[in-house]
Amino acid sequence: MTEPKQDVSSFQAVAYDKIREDIIFCRLAPGQKLSARILEETLGLGRTPVREALVRLGQEGMVFTVPQSGTYVSKIDLQSAENARYVRENLERSVAVECCARIDQAGRDLLKGILKEQAQAVHERDSLSFFILDNQFHKAMFEIAGRTQVWQWIESCNTDLQRFRWLRTQVENLDWSAIMDQHAALYRAITSGDTDEVSYLTVAHLHLMSAEQDSVLAAFPEYFA
């Protein structure tokens, strides 16, 4: 019996997801030169899936190639991050309002559970868990509103915003509790059906980027284009 052929496309997806994750969390720092050979060794994958993943990441603007020099991680484009924030603000405001009408007990329990876990991450100063749970809270609102696909669309084009938000958690003088307080307020407004308050809080929450931009830039000036 012949052995099944390896699914090259699945290996490429694994390589893409891992490299993209390392770019978002700045394990591969903005401006860093990438070695395909080292990536192959680190990921335990062959040359083809890694190189195909880099091509895809290049098409999406996360890496770029300089002839006779190599491939580099793109620096964070603040205009791109701001545009992603703008799109997300306007979509998420509508989605959050829809949550008021659609939320059930399962949805309440989901949001409440995420808030509890995020509070624990704040207590433990666990920036990775805090960041992931922050995303999960917002993703949950889209799921409750029946807009999961919209969330997936947003996720596919907001790498610069994600990187900015991750660096925000690494700045010592920025208080995580501000995000926690806004999440808690959003939860109360959604569960009480206060659509005006939900709309206001969503916009205010996503404007934190503007308020905190100078602090992030001062801490990581070399990471920005």
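Draft legend 1. Up close: the overall build of the protein chain. Counting secondary structure elements, the protein chain contains eleven helices and three strands. Each helix (α) and strand (β) of the protein chain, taken in turn from the N terminus, gives the series α-β-α-α-β-β-α-α-α-α-α-α-α-α. The dimensions of the protein chain, computed from C-alpha atoms along their principal axes, are 55 × 55 × 30 Å. Burial analysis of the protein chain (225 residues in total) assigns 45% to the buried set. Residue pairs in contact within the protein chain that sit at least 24 positions apart in sequence constitute 76% of those at least 6 positions apart. With an accessible surface of roughly 12,000 Å², the protein chain has 50% of that area assigned to carbon and sulfur atoms. Here the protein chain carries 24 positive and 32 negative side-chain charges, and the mean point of each set is 3 Å from the other.

Draft legend 2. Spatial organisation of the side chain of Arg-88. In this structure, Arg-88 sits in helix α4 (residues 78–102). When its relative accessible area of 2% is taken as the criterion, Arg-88 is described as buried. Once residues within four sequence positions are removed from consideration, Arg-88 is found in contact with Arg-93, His-138, Trp-151, Ile-154, Arg-165 and Leu-206.

Draft legend 3. Spotlight on the sheet that holds strand β2 (residues 63–66). Read across the open sheet, the three strands follow the order β1-β3-β2; overall the sheet is antiparallel. Each edge of the sheet is formed by a strand with only one pairing partner; in this case those strands are β1 (33–34) and β2. Inspection of the sheet shows β2 paired to strand β3 (residues 70–73) by four bridges, in the antiparallel sense. Residue pairing across strands places Phe-64 opposite Tyr-72, the latter belonging to β3.

Draft legend 4. Region of the structure containing the packing of aromatic side chains. In total, this model carries eight aromatic pairs according to the counting rule given. Ring centres of Phe-164 and Phe-224 lie 6.4 Å apart, and the angle between their planes is 75 degrees; this geometry places the pair in the edge-to-face category. With a gap of 60 residues between them, Phe-164 in helix α8 (residues 159–169) and Phe-224 in the segment after α11 (208–219) connect regions that are remote in the sequence. In this structure, Phe-164 and Phe-224 share a single accessibility class: buried. Through a chain of ring-to-ring contacts, three or more aromatic side chains come together here, namely Phe-25, Phe-131 and Trp-166. Sitting over the ring of Tyr-16, Arg-56 keeps its end group 3.6 Å from the ring centre. One residue, Arg-125, lies across the ring of Trp-176, its end atom 3.9 Å from the ring centre.

What counts, and where the lines are drawn
- Residues numbered from 1 in each chain as written.
- Predicted model: local features only at pLDDT ≥ 70, side-chain atom pairs only at ≥ 80, totals over all residues.
- Heavy atoms only, no water.
- Helix = DSSP H or I, 4+ residues; strand = E, 2+ residues; numbered from the N terminus.
- Buried < 20%, exposed > 50% of the residue type's maximum accessible area, 1.4 Å probe, protein only.
- Contact = heavy atoms within 4.5 Å.
- Areas by Shrake-Rupley, 256 points an atom, 1.4 Å probe, with all protein chains shown as cover.
- Lys, Arg positive; Asp, Glu negative; His and termini not counted.
- Charge placed at Lys NZ, Arg CZ, Asp CG, Glu CD.
- Pairing = 2+ DSSP bridges.
- Phe/Tyr/Trp six-rings, centres within 6.5 Å; stacked < 30°, edge-to-face > 60°.
- Lys NZ or Arg CZ within 6 Å of the ring centre and 35° of its normal.

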